[in-house]
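An overview of the molecular structure
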Amino acid sequence: MKAVEFHLPQDVDKSFIVFREKGDFFPAPWHYHAHFEFVLVNKSTGKRMVGDHIGYFEEDDLVFMGSLLPHVWVNDPVYLERKAKEQADALVIHFTDDFLGEDFMNIPEIDNLRKVLALADRGLALRGDTRTRINKLIREMPPMSGLQRLSNLFLIFDIMSTTSEYDLLASPRFVQNFHYDSSDRFKKITGYIMQNFDKDISLSEIAAVSSMGVTAFCNFFKEQFRVTFVEYLTTVRIGHACKLLSQNDRNVVEVAYECGFNNLANFNRQFKKLKCMTPSDYRKTLAIR
């Protein structure tokens, strides 16, 4: 079973990812990525495979994994057959070791955290009071502002730095022997989007950038990014809009057009869908008049 490289969408106004996975079952395939990752299961049961370790997950299961460690969560048949009373539900946090700058991992205050991050190459299943405390902090994060989220993440780091309540998952031999294949296709796609998101980008145009046909590109993008190209592009545009709204030199109409929206009503609709408030209300939360 070959692991695929995987990428979750990240808001341009956020330094790390907080993502809710909710549906009939968890659809991610056997995969890896460059990020460190927390996976907290709110609802669902099944098997999880982390490296060469196979275990079982249920409600409140919490795993912390290092960069490039392949893994997959496979729901029990009742979920896969869409017969469960409740949807599968999990919260995922992704961050890179340099998400706060290249020197972040070298500051003396995180000496103990560095040791845990090294162990995370094998995957850690958290347990006991550690799991209870971290689960609470993660569940608070989705509706939080950026700074509040960062504060909770640092509280999680503090707990991780001193805990011994975990089980190592993958074997050292697996970690040493695992090799991954990575192409520059992902960088080409994301780079083109970041340079041109304020313009109309057709599917044929972005597919050509990736040297793929439109159908193949759509399938590749959905598999790798977990969202459609249009959904990802909208996320990038709304993230940039948040940055512009934090400045007081543009009105909402100007922000909409500068972010690639040719229709103000659509901008307002998409903004509210992603941020659960209108652009004007978002600006008010930043105390900008």
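Residues numbered from 1 in each chain as written. Predicted model: local features only at pLDDT ≥ 70, side-chain atom pairs only at ≥ 80, totals over all residues. Heavy atoms only, no water.

Per an unreviewed UniProt entry, the protein carries the name AraC-like DNA-binding protein and comes from Dyadobacter jiangsuensis.

1. With respect to the nonpolar core
Grouped together as the largest cluster of nonpolar side chains are 30 residues, with contacts concentrated most on Phe 38, Phe 64, Ile 93, Phe 95, Ile 138 and Met 160. Residue assignment for this core shows that the elements contributing at least two residues are strand S4 (36-43), strand S7 (62-65), strand S9 (88-95), helix H2 (111-119), strand S10 (124-126), helix H3 (128-140) and helix H4 (146-162). Of all the elements, H4 adds the most residues to this core, at five residues. When sequence neighbours within four positions are dropped, the list of residues in contact with Phe 38 reads Leu 62, Val 63, Phe 64, Leu 91, Val 92, Ile 93, Phe 95, Ile 138, Ile 156 and Met 160. (Core = buried A, V, L, I, M, F, W, Y, C linked by side-chain atoms within 4.5 Å. Buried < 20%, exposed > 50% of the residue type's maximum accessible area, 1.4 Å probe, protein only. Helix = DSSP H or I, 4+ residues; strand = E, 2+ residues; numbered from the N terminus. Contact = heavy atoms within 4.5 Å.)

2. Observations concerning the pattern of salt bridges
What the rule picks out here adds up to twelve salt bridges. A salt bridge links Lys 43 to Glu 59, with the shortest nitrogen-to-oxygen separation between them at 3.4 Å. Within this pair, whereas Lys 43 is found in strand S4, its partner Glu 59 is found in the loop between strand S6 (53-57) and S7, the two being separated by 16 residues in sequence. You can call Lys 43 partly exposed: its relative accessible area is 28%. (Salt bridge = Lys/Arg side-chain N within 4 Å of Asp/Glu carboxyl O.)

3. Some thoughts on the pairing of strand S5 (residues 46-50)
As judged from the five bridges shared by S5 and S6, these two strands associate in the antiparallel manner. In the strand pairing of S6, Gly 46 is matched with Phe 57. Linking S5 to S6, which pair antiparallel, is a turn of two residues; within it Gly 51 sits at a positive phi near 65 degrees. Of the strand pairs in this sheet, S5 and strand S8 (residues 71-75) are connected by five bridges, and their pairing is antiparallel. For Gly 46, the partnering residue across the bridge sits in S8 and is Asn 75. (Pairing = 2+ DSSP bridges.)

4. With respect to the sheet that holds strand S11 (residues 166-168)
In space, the six strands of this open sheet follow the order S2-S9-S4-S7-S10-S11, with antiparallel pairing throughout. One side of each edge strand has no neighbouring strand; the edge strands of this open sheet are strand S2 (17-23) and S11. Within this sheet the neighbouring strands show an average axis-to-axis angle of 20 degrees, counted without direction. Two strands pair when backbone bridges link them, and S4 and S9 are joined in this way by seven bridges, in the antiparallel orientation. Bridged to Phe 38 within S9 is Ile 93. (Axes fitted to C-alpha atoms, helices over the stretch in contact; angles between N-to-C directions.)

5. Looking at the environment of Asp 13
The topology assignment puts Asp 13 in the loop between strand S1 (4-5) and S2. The class of Asp 13 is partly exposed, set by a relative accessible area of 27%. Sequence-distant contacts of Asp 13, defined by excluding residues within four places in its chain, comprise Gly 239, Cys 242, Lys 275 and Tyr 282.

6. A look at unusual backbone geometry
At Ser 44, a residue that is not glycine, the phi angle is positive and equals roughly 115 degrees. Counting through the fold element by element, Ser 44 comes out in the loop between S4 and S5. The backbone phi angle of Asp 60 is positive, close to 80 degrees, even though this residue is not glycine. Mapped onto the elements of the fold, Asp 60 is located in the loop between S6 and S7.

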